[in-house]
Structure formats: C-alpha cells, structure tokens
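# Breakdown of the fold
So you can see what is in the structure, the chains are spelled out below.
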Amino acid sequence: MLQGNPFRKTFDKSNPDDNAVSYVCLGGGPETANDPEWFQRNDFFKHNCPGGMRAQVNFRSCWDGKNLDSPDHASHMAWPSGGVDGGTCPSSHPVHLPMLFYEVIYEVQKFPFNSVGPTWVFAQGDTTGYGMHGDFVNGWPTTANGD
C-alpha cells in the first residue's frame, strides 16, 4: 500500500491524500508555541528546527474487503469520512482497518539552513516536502504450518 506521491509539487487542503503528509519542527521551545511559522505543516519549514524535523505519513484505513492490492497500490483502500482524522468508511470500502502512521525524524539541525534557496531536498529532487510518501508491505504464511 502506498501513501503520498513522490512527484507531487502542490498542496490542496481539501484533498485527504495531500493532508496525509505533514511535518513538525522539533525543539522550538515555549517562545514558538503561538508562532504559525512553527505550527505543523504540509511542506518544509522556512527555518531550521533545533531538535530535528519530523515527517509524518498517515495511510488510508478503509479497505474494499476484496482486493489485497490494486494496480496503483492505493485504490483498494479509501479514506474514512474525516480523512486523516478518522470517521466512517464509505460503502465502496466498508472494512475499517487500524490506521497506519509513519514518522521519521530528520536531524536537520546538524546542517546550516539556506535562507536564500532550498535547504532540504528529497532524493527524487523534491524541495517542497509535498513529495514525501510511504510504502507499507505486510505478509504472512498462507497455511497454518508456514509452508
């Protein structure tokens, strides 16, 4: 199962897939608690993060009940009515599974922040952060004895 799109370069607040990826700047301290520049966001921060930057990926949690995979590795799953906040599964994907949530902490504080251009770049060339994505693979034996 895939979540996110490594080639996405824009953000649509109404799209649950876009909202599934977010970032938290760690180590800001009490003086940053009410500063919007430090709030959780869906793209890279415009400043460094003294405690690192946490990337977060939420996965769809409603299954169609039939397909273990789909050609795009995503459409056999759907978002509940509240998107990443949960809710009721649509009738097309009636089986509610536990929501998967990945988090990765990048130690960005160990590198100088570039205030005149991109500081952080993912391997696929993304300088926005919108291209963060996650893959989930699970498997188990098909028989009781593992054969």
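In this text, all values refer to a predicted model and were calculated from it rather than measured experimentally.

## Thoughts on the pattern of salt bridges
Enumeration over the complete set of coordinates arrives at seven salt bridges. Here D18 makes a salt bridge to R8, at a shortest N to O gap of 3.4 Å. With D18 in helix α1 (residues 16-19) and R8 in the loop between β1 (2-4) and α1, this residue pair connects regions lying 10 residues apart in the sequence. The class for D18 is buried, based on a relative accessible area of 7%. A salt bridge links K110 to E107; the shortest N-O distance between them is 2.6 Å. Overall, K110 belongs to the exposed group, its relative accessible area being 57%. Bridged by salt links that share partners, the residues R41, D43 and K46 form one connected network.

## Digging into the state of the cysteines
Under the definition given, this model contains two disulfides. Bridging C25 to C49, the disulfide has an S-S length of 2.1 Å. Disulfide C25 to C49: torsion about the S-S bond roughly -125°, handedness left-handed. With a gap of 24 residues between them, C25 in strand β2 (residues 21-25) and C49 in the loop between β2 and β3 (53-58) connect regions that are remote in the sequence. Per residue, the accessibility class of C25 equals that of C49, and both read buried. When the bonded cysteines of the chain are numbered from the N-terminus onward, they pair as 1-2, 3-4.

About the cut-offs
- In every chain, residue numbers begin from 1 and rise along the written sequence.
- Reporting of local features is limited, given that this is a predicted model, to residues whose pLDDT is at least 70; pairs of side-chain atoms are given and counted only at 80 or more, and all residues count toward the totals for whole chains, interfaces and linings.
- Side-chain metrics rest on all non-hydrogen atoms present in the structure, leaving aside hydrogens and water.
- Throughout this description, the term salt bridge denotes a Lys or Arg side-chain nitrogen within 4 Å of a carboxyl oxygen of Asp or Glu.
- Under the scheme used here, helices are H or I runs from DSSP no shorter than 4 residues and strands are E runs no shorter than 2 residues, and both carry numbers assigned from the N terminus.
- For each residue, the accessible area found with a 1.4 Å probe, counting protein chains only, is set against the maximum for its type, and the residue is called buried under 20%, exposed over 50%, and partly exposed in between.
- We call a pair of cysteine sulfur atoms a disulfide when they lie within 2.5 Å.

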